[in-house]
Amino acid sequence: MIFDTKNIRNVALLGHSGCGKTTFSECMLFEAGDITRRGTVEEGNTQSDYTDLERERGNSIFSALMHAEWKDSKINIIDTPGFDDFIGEVISALKVADTGIMLLNAKNGVEVGTEIIWEYVDQFETPAIFVINQVDHEKADFDATLEQAKNRFGHKIIPVQYPLNPGTDFNTIVDALRMVMYVFPPEGGKPEKQDIPDSEISRAQEMHNALVEAAAENDEGLMEKFFEEGSLSEEELAEGLRIAIANQEIFPVFCCSSTRNMGSGRIMGFINDVCPSPADRPAARLEGTEKTLPCDAEGETTIFIYKTISEPQVGNVNYFKVYSGTLNNSDELINVKNRSSERFGQIFIAEGKNREQVNQIKAGDIGVTVKLKNAHTNNTLNVKGVDRKIRPIVFPEPRIRVAVAPPNKADMEKLMKALHIIEEEDPTLIVEQSKALKQTLLHGQGQLHLELIKHRIESNYGVSMDFMRPRISYRETITREADTMYRHKKQTGGAGQFAEVHMRIEPYSEGMPDPHGLSVRNKDIEELPWGGKLAFYWCIVGGSIDAKYSNAIKKGILSKMEEGPLTGSYCQDIRVCIYDGKMHPVDSNDMAFMLASTQAFKQAFKESAPQIMEPIYTLDILCTDEFMGDIMGDLQTRRAMILGMGAEGHYQKITAKAPLAELYQYSSTLRSLSQGRAKFHQEFAEYSPVPHDIQQRLMEEYETEAAEA
Ligand SMILES: Nc1nc2c(ncn2[C@@H]2O[C@H](COP(=O)(O)OP(=O)(O)OP(=O)(O)O)[C@@H](O)[C@H]2O)c(=O)[nH]1
Ligand SMILES: [Mg+2]
């Protein structure tokens, strides 16, 4: 069946892990008649959580695309994972969704995951509705959850419904939009409509009035009518709400029990009647131009890939949204990124793992394809002759890193190949071959994210990998002045080698005075590729060293700065003055001067109170009161410095600085300290000196390593 743009609804299910998104999606499919039995996450038989990993864990890891036909609409449902580690999946779903369905857990209220995800909903300006799920739970507190949502997300939160009897007896919802009461049979599904009892009328009426007012507020005509007649017809109300929701002026709130299948049908009805179609959303923004692209099935075809995943046997599976025009089976489109022409030999609509081939997908709709040659997440493909680029999804910076290596060195190439395949499909993973650390690093969103990548590599590509502590990118510098000289002399039969260099080294700082007692002939201040500076001053008087050797001398210094004398780390912020030396008319050459300066530098460095510097990161931690003590206590064991504490919403925010060396696997620690209810952000701040005992230990370790090598 082919759906017109105006009948398409793209919704993303969003919310903190465990609030019930996957269970809710199962209700939607069941109510729409797409499945005949509702699966559960416990049994591992839902449409959405179809990968082995998800079934084993009982959590969503990947976003899953499904669809339900409801009245006139095809509702594309993207069920997203709630775990923070998989935020990339949420972001890519939000890119193509036209409505976000934010589920709250009635027993927990607004959770950290809710907050994190809301930031993105806000950023994408996605219209949203809230569903307070799990109202059947014995600890469910609908009113408190609603209150928290209002406090957190503001006056735009307006309830449409409330459960009459939340808790284990739950079976009744009062609907203030339709002014009717739904009573569900024990097995859930289709409710019986009843009049709202007298005892509830005033509460329901008050809610109704708030909805009418909110609906009228954004439309002058409706406002007038509302003032004149004191009410609006059902159609007018729906129209007012439609505009208000599309403009993110209101966020209506529903309630539901997904395990009992009570409430999802009404929500789908609302999605059909009131939520925006892709054509009701602002035209898509394009890269590199002010022009925008309206969602019009009659336009020239443009599609955007929001997600790529490789499946064993199948290869790359690409999920895309048609932004303009209509994609027909066998169409050829050109990928803007690499100009490669791709034939869409098979296009599908999806139901989790299952795909159904179709002939056509119209603007606004979401589809799947396989066997494209060279197309990935964030690529735009156009019909020939069109050169549009949909603004790409911006994925978050990585938050943790780990070093990896195969247990068997010979498998390195195989491992890198597999990692690159996963990196290509998962934009929140970055694979780095660090020359400085001599390690392969994975940068990801969290421990779980990386664990799952390991699992996939092992099961799909038959190569294992070990996680190791990543080395720290230390820096070396000096804290006082030292003068030294070095003579390089070699007499081996024929031509000898001779060079003598006298140098002074000092800690470099911006705008420091000229060196005392020396006359500076030339200043060369070089930014080092790893940060910091080398100030190289030529202070030779009377031609004791020919200026033609200055380059070789600088090179000699740089070679040692690249592999510092203390631990082999980069050196930085040093001023070197070459002020005397000797040369030999026959035996001196570039090589001899390079060697002499390297040795002189190394010697001087050790005499100038050298200091190892370590990277310090700023941490912003958001948590609830109850976990503050434990989190602070843990920070104290990490050489952290607390910079500030204060309330942020109903959270506490701790700002601290801590050495990167102490933050290995911090995200896991924080998760277990807070039962998953804290979040943090870390950012490089500066280099600062390591304490004396650590410096000693690092130097000893380096020496042992060097001796073993
Ligand atoms: N009592 C009750 N339990 C529910 C309800 N909805 C979901 N659950 C349970 O909550 C747990 C988590 O449900 P999921 O549907 O996997 O939650 P999710 O939001 O998809 O979680 P992630 O995929 O990790 O983000 C399961 O044990 C469900 O059975 C509900 O309405 N009532
Ligand atoms: Mg899920």
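Residues numbered from 1 in each chain as written. Chains lettered and ligands numbered in written order. Predicted model: local features only at pLDDT ≥ 70, side-chain atom pairs only at ≥ 80, totals over all residues. Heavy atoms only, no water.

1. Section: the pattern of salt bridges
Let me state the cut-off plainly: What makes a salt bridge here is a side-chain nitrogen of Lys or Arg within 4 Å of a carboxyl oxygen of Asp or Glu, nothing more. Three labels apply to residues, based on accessible area from a 1.4 Å probe with only protein chains included: buried if under 20% of the type maximum, exposed if over 50%, partly exposed otherwise in between.
On inspection of all chains with the given rule, the structure shows 41 salt bridges. Between K523 and D514 there is a salt bridge, with its nearest N and O atoms 3.0 Å apart. On the basis of relative accessible area, K523 is assigned to the partly exposed category, the value being 45%. Here D514 falls in the partly exposed class, since its relative accessible area comes to 43%. When salt bridges that share partners are traced, they join D98, R281 and K321 into one network.

2. Some details on the packing of aromatic side chains
Counted only if it meets this: Ring geometry is summarised as follows: Phe, Tyr and Trp rings, the Trp one being its six-membered ring, pair when their centres sit within 6.5 Å, and such pairs are stacked at plane angles under 30 degrees, edge-to-face over 60 and tilted between the two. To sit over a ring, a charge needs its Lys NZ or Arg CZ within 6 Å of the ring centre and within 35 degrees of the ring normal.
Here the structure, examined in full by the defined rule, presents 18 aromatic pairs. Ring geometry for F536 versus W538: centroids 6.4 Å apart, planes at 40 degrees, classification tilted. Across this residue pair, the class does not change: F536 and W538 are buried. Taken together, the ring pairs connect W118, F130, F153 and F251 into an aromatic cluster. Its guanidinium or amino end placed over the ring of Y323, K321 lies 5.5 Å from that ring's centre, counting from NZ or CZ. If you follow K454 out to its NZ or CZ, it ends over the ring of F467, 5.4 Å from the centre.

3. Considerations on unusual backbone geometry
Most peptide bonds are trans, and most residues other than glycine sit at a negative phi. Rule in force here: The numbering of helices and of strands both runs from the N terminus, where a helix is a DSSP run of H or I of at least 4 residues and a strand a run of E of at least 2.
One non-glycine residue, N378, adopts positive backbone phi at about 80 degrees. When you line up the elements, N378 lands in the loop between β22 (366-370) and β23 (380-383). Of the residues examined, N378 reaches a relative accessible area of 18% and is grouped as buried. With a phi close to 55 degrees, K438 is a non-glycine residue in the positive phi region.

4. Observations concerning the site of ligand 1
The cut-off we apply is this: Nearness is judged by heavy atoms alone; a residue qualifies as near a molecule or strand once a single heavy atom is within 4 Å of it. The term polar contact refers here to a pair of N or O atoms within 3.5 Å; inside protein, the definition further demands a hydrogen-donor-capable atom paired with an acceptor-capable atom, and it admits residues adjacent in sequence only when both atoms are side-chain atoms. Accessible surface is estimated by sampling points in the Shrake-Rupley manner with a 1.4 Å probe; for residues, cover comes only from the protein chains shown. Ten residue types, Ala, Val, Leu, Ile, Met, Phe, Trp, Tyr, Cys and Pro, are classed as nonpolar, four, Asp, Glu, Lys and Arg, as charged, and the remainder, Gly among them, as polar.
Taken together, 20 residues lie near ligand 1, and S17, T23, E42, N59 and G82 sit nearest. Here an oxygen atom of ligand 1 and a side-chain polar atom of K21 are 2.7 Å apart. A distance of 3.1 Å separates an oxygen atom of ligand 1 from a polar atom in the side chain of N133. Protein burial of ligand 1: of its 640 Å² of free accessible surface, 87% is covered by the chains. With three residues, the top contributor of residues to the shell around ligand 1 is helix α1 (residues 21-31). Here the residues of the shell around ligand 1 sort into three nonpolar, 14 polar and three charged.

5. Description of α1
Because each turn of an α-helix spans 3.6 residues, side chains separated by three or four positions end up pointing in the same direction. Inclusion rule: Residue contacts are defined here by distance: any two heavy atoms, one from each residue, within 4.5 Å place the two residues in contact.
Across the 11 residues that make up α1, a large majority, nine, are buried. Within the sequence span of α1, burial applies to K21, T22, T23, F24, S25, E26, C27, M28 and L29. Taken together, the buried residues of α1 touch β1 (8-14), β2 (64-70), β3 (73-79), β4 (99-105), α9 (264-273) and β19 (347-351). Positive backbone phi, at 80 degrees, marks G33, one or two positions downstream of α1.

6. Let's talk about the pairing of strand β11 (residues 251-255)
The criterion, for reference: Here a strand pair is declared whenever DSSP counts at least two bridges between the two strands.
Counted residue by residue, β11 has five buried out of five residues, so it is predominantly covered. Burial along β11 is two-sided: F251, V253 and C255 and P252 and F254, pointing in opposite directions, are all buried. Relative to β11, strand β5 (residues 128-133) runs parallel, the two being bridged by three bridges. The partner of V131 across the bridge, within β11, is F254. Pairing between strand β6 (residues 157-159) and β11: three bridges, direction parallel. Within β11, the position partnered with I158 by the bridge is P252.

7. Looking at the coordination of the magnesium ion (ligand 2)
Note the threshold: The rule for donors is simple: an N, O or S atom within 2.8 Å of the metal counts, and for Na, K and Ca the reach is 3.2 Å. Water is not among the atoms, so a site may look short of donors.
Taken together, the protein donors to the magnesium ion (ligand 2) comprise T22 (OG1) and S60 (OG), at separations of 2.0 Å. Of this pair, T22 sits in helix α1 while S60 sits in the loop between α2 (52-57) and β2; the two residues are 38 residues apart in sequence, bridging distant segments of the chain.

8. Description of the packing of helix α3 (residues 87-96) against helix α4 (residues 112-124)
What counts, and what does not: Whenever a helix is involved, its axis is fitted only over the stretch in contact; in every case the axis is a line through C-alpha atoms, and angles between N-to-C directions fall within 0 to 180 degrees. For classification purposes, an angle smaller than 35 degrees is called roughly parallel, one larger than 145 roughly antiparallel, one from 65 to 115 roughly perpendicular, and anything else oblique. Handedness of a helix crossing follows the sense of rotation of the near helix relative to the far helix, less than a right angle counterclockwise being left-handed and clockwise being right-handed.
Look at α3 against α4: their axes get within 10 Å of each other, and the N-to-C directions meet at 25 degrees. As far as their axial angle goes, α4 and α3 are roughly parallel. Considering only the axes of α3 and α4, their crossing is right-handed. Here I87, V90, I91, L94 and K95 of α3 come into contact with α4, specifically with I116, I117, Y120, V121 and F124. Looking at the contact of α3 with α4 residue by residue, the classes come out as nine nonpolar, no polar and one charged.

9. Re the domain arrangement of the protein chain
Selection criterion: What marks off one domain from the next here is an automatic or database domain assignment.
Looking at the protein chain, the domain boundaries give domain 1 (5-204 + 250-280), domain 2 (290-383), domain 3 (400-468), domain 4 (476-608) and domain 5 (612-694). Summarising the inter-unit geometry, the C-alpha centres of domain 2 and domain 5 are found 43 Å apart.

10. As for the side chain of E614
By the secondary structure assignment, E614 is in strand β35 (residues 610-623). The class of E614 is buried, set by a relative accessible area of 2%. In this structure the side chain of E614 is engaged in a polar contact, spanning 2.7 Å, whose partner is the side chain of R639. Among residues more than four places away in sequence, those in contact with E614 are Y474, R639, P659, A661, E686, Y687, S688, P689, V690 and P691.

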